[in-house]
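Below are the chains, spelled out letter by letter.
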Amino acid sequence: MSIEVIIKDHPTLLFDGYCNLCSRSVLAVVKRDSQAIFRFASLQSVQGQSLLDKHGLDGNKMNSVVLIRNNSYSIKSDAVLDVFHLLGGGYRPLVILKWLPQNFRNWVYDWIARNRYVWFGKKDVCMIPTPELEDRFLT
């Protein structure tokens, strides 16, 4: 199946594969995604770079989570809140945070992102999905 078909049918979350916080967040989404709608790729992967290029995002400068849905994308705090919306259930009310100014939300996001390696650590290699999760990760 081509990547275009996969991302057309599934929201795809791009994340920093070296970041412990990011990897744990992805695993948290996997755990709560009971319908297995999400697909995942690291920003550093060939597929991740291809998706960034397709949407006109500079892969060398992108250090944010990116959510790709159909032909659009969201980044930073918008991407996080869009994931909450798609997860539904008890996470959907968190979308109310979109009422906060985007500049403020992204300032908080950027502050956490700047400190994520110090606070949560960094891996030497990108996250490798377990065999049970391989079909959810684009490689």
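To keep things clear, this report deals only with the structure shown in the data block.

1. Some remarks on the overall build of the chain
Phase 1: Scanning the chain from N- to C-terminus turns up 5 helices and 4 strands.
Phase 2: From first element to last, N terminus to C terminus, the chain shows the α and β order α-β-α-β-α-β-β-α-α.
Phase 3: Computed over its C-alpha atoms, the radius of gyration of the chain comes to 14 Å, within 12% of the 14 Å expected for a compact globule of 139 residues.
Phase 4: For the C-alpha atoms alone, the extent of the chain along its principal axes is close to 40 × 35 × 30 Å.
Phase 5: Counting all 139 residues of the chain, 43% fall into the buried class.

2. Some words on the nonpolar core
Across soluble globular proteins, nonpolar side chains have a tendency to be buried as a group.
Phase 1: Core analysis: the largest hydrophobic core is formed by 19 residues, its most contacted members being L13, F15, V26, F38, F40, V83 and F137.
Phase 2: With sequence-adjacent residues up to four places away left out, F40 is seen in contact with T12, L13, F15, V26, V29, V30, R136, F137 and L138.
Phase 3: Counting residues in each nonpolar core, the second largest holds 10 residues, with A41, L51, L57 and V66 among its members.

3. Looking at helix α2 (residues 20-32)
Phase 1: Taking 1.5 Å as the rise per residue, α2 with 13 residues should run 18 Å; its terminal C-alpha atoms sit 18 Å apart, in good agreement.
Phase 2: Turning to α2, its buried residues are N20, C22, S23, V26, V29 and V30.
Phase 3: Those residues of α2 hidden inside the fold are in contact with β1 (12-15), β2 (39-42), α4 (76-87) and α5 (102-120).

What counts, and where the lines are drawn
Residues numbered from 1 in each chain as written. Predicted model: local features only at pLDDT ≥ 70, side-chain atom pairs only at ≥ 80, totals over all residues. Heavy atoms only, no water. Helix = DSSP H or I, 4+ residues; strand = E, 2+ residues; numbered from the N terminus. Rg over C-alpha atoms; globule rule 2.2 N^0.38 Å. Buried < 20%, exposed > 50% of the residue type's maximum accessible area, 1.4 Å probe, protein only. Core = buried A, V, L, I, M, F, W, Y, C linked by side-chain atoms within 4.5 Å. Contact = heavy atoms within 4.5 Å. Expected span 1.5 Å × (residues − 1).

Coordinates in, geometry out; function isn't part of it.
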